[in-house]
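# Inside the fold
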Amino acid sequence: LGLQNMGQAPRIISSISEEAPNSIVLFDIHGSTRTDESGRKIRCVDEIVEEISQLADACDENGAHLNGVHLETTVDESRTECIDRPGEVPTHDGNIDPQLNPRQTMRVLDFLGETL
């Protein structure tokens, strides 16, 4: 959904719980992608963590469970395609889907371990 649309999550999750109670709810990193003023795709780790937190809360409050996540990652420690906080600038150019580097991936996974 993206962080800017998370206000819709409770209604969507409630509908899923009512209409398809055996569904699996997953977070997909593609909803966390936005474009900056220059056209570069941006993903922010702070926003990804917040979005997962809000989605997990919406699930808990509406009879569902967040069953997993889909992330895009790289094993290259030197790449900083995703930013950690709003206002930072990624080091990639172009219109590629930014990938979490290993440190950022572990930050999200540590959060998931505490949350799920």
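Notes on the structure follow.

Criteria and cut-off values
Residues numbered from 1 in each chain as written. Predicted model: local features only at pLDDT ≥ 70, side-chain atom pairs only at ≥ 80, totals over all residues. Heavy atoms only, no water. Core = buried A, V, L, I, M, F, W, Y, C linked by side-chain atoms within 4.5 Å. Buried < 20%, exposed > 50% of the residue type's maximum accessible area, 1.4 Å probe, protein only. Helix = DSSP H or I, 4+ residues; strand = E, 2+ residues; numbered from the N terminus. Contact = heavy atoms within 4.5 Å. Expected span 1.5 Å × (residues − 1). 1 Å grid on protein atoms, 1.4 Å probe; cavity = no way out; pocket = protein on both sides within 12 Å on 5 of 7 lines; lining within 4 Å. Points joined across faces, edges and corners; volume = space filled by probe spheres on them. Nonpolar A, V, L, I, M, F, W, Y, C, P; charged D, E, K, R; others polar. Axes fitted to C-alpha atoms, helices over the stretch in contact; angles between N-to-C directions. Parallel < 35°, antiparallel > 145°, perpendicular 65-115°, else oblique. Left-handed = near helix turned anticlockwise from the far one by under 90°.

### Comments concerning the nonpolar core
Counting 21 residues, the largest nonpolar core has Phe-27, Ile-48, Ile-52, Leu-55, Leu-66, Leu-100 and Val-108 as the members making the most contacts within it. Of all elements in the fold, only helix H1 (9-19), strand E1 (25-28), helix H2 (45-61) and helix H3 (102-115) reach the threshold of two or more residues within this core. The dominant element in this core, judged by the number of residues it contributes, is H2, at eight residues. When sequence neighbours within four positions are dropped, the list of residues in contact with Leu-100 reads Ile-29, Val-45, Ile-48, Leu-71, Glu-72, Thr-73, Thr-74, Cys-82, Thr-105 and Val-108.

### Focus: the environment of Ser-15
Tracing the chain through its elements places Ser-15 in helix H1. In this structure, the C-alpha to C-alpha distance between Ser-15 and Asn-62, residues 47 residues apart in sequence, is 8.8 Å.

### Regarding H2
Taking 1.5 Å of rise per residue, the 17 residues of H2 would be expected to cover 24 Å, and the 24 Å separating its terminal C-alpha atoms lies within 8% of that figure. When H2 is considered as a whole, its buried residues turn out to be Val-45, Glu-47, Ile-48, Val-49, Glu-51, Ile-52, Ser-53, Leu-55, Ala-56, Ala-58 and Cys-59. On its buried side, H2 packs onto H1, E1, strand E2 (34-35), strand E4 (66-70) and H3. Once H2 ends, the next one or two residues include Gly-63, with phi positive near 75°.

### Comments concerning the layout of surface pockets
Of the pockets and cavities examined, the largest pocket occupies roughly 190 Å³. Lining of the largest pocket is provided by Leu-1, Met-6, Ala-9, Ile-12, Ile-13, Ile-16, Val-25, Leu-26, Phe-27, Asp-28, Glu-51 and Leu-55. Elements represented by at least two residues in the lining of the largest pocket include exactly H1, E1 and H2. Here the lining of the largest pocket is built from residues that sort into ten nonpolar, no polar and two charged.

### As for the packing of H1 against H2
Orientation of H1 relative to H2, taken along the N-to-C sense of each, is 45°, at an axis distance of 9 Å. The angle between H1 and H2 places the two elements in the oblique class. Here H1 runs over H2; the crossing is right-handed. Judged by residue contacts, Ala-9, Pro-10 and Ile-13 of H1 engage Leu-55, Ala-58 and Cys-59 from H2. When its residues are assigned to classes, the contact of H1 with H2 shows six nonpolar, no polar and no charged.

These results come straight from atomic positions and should not be treated as a statement about function.
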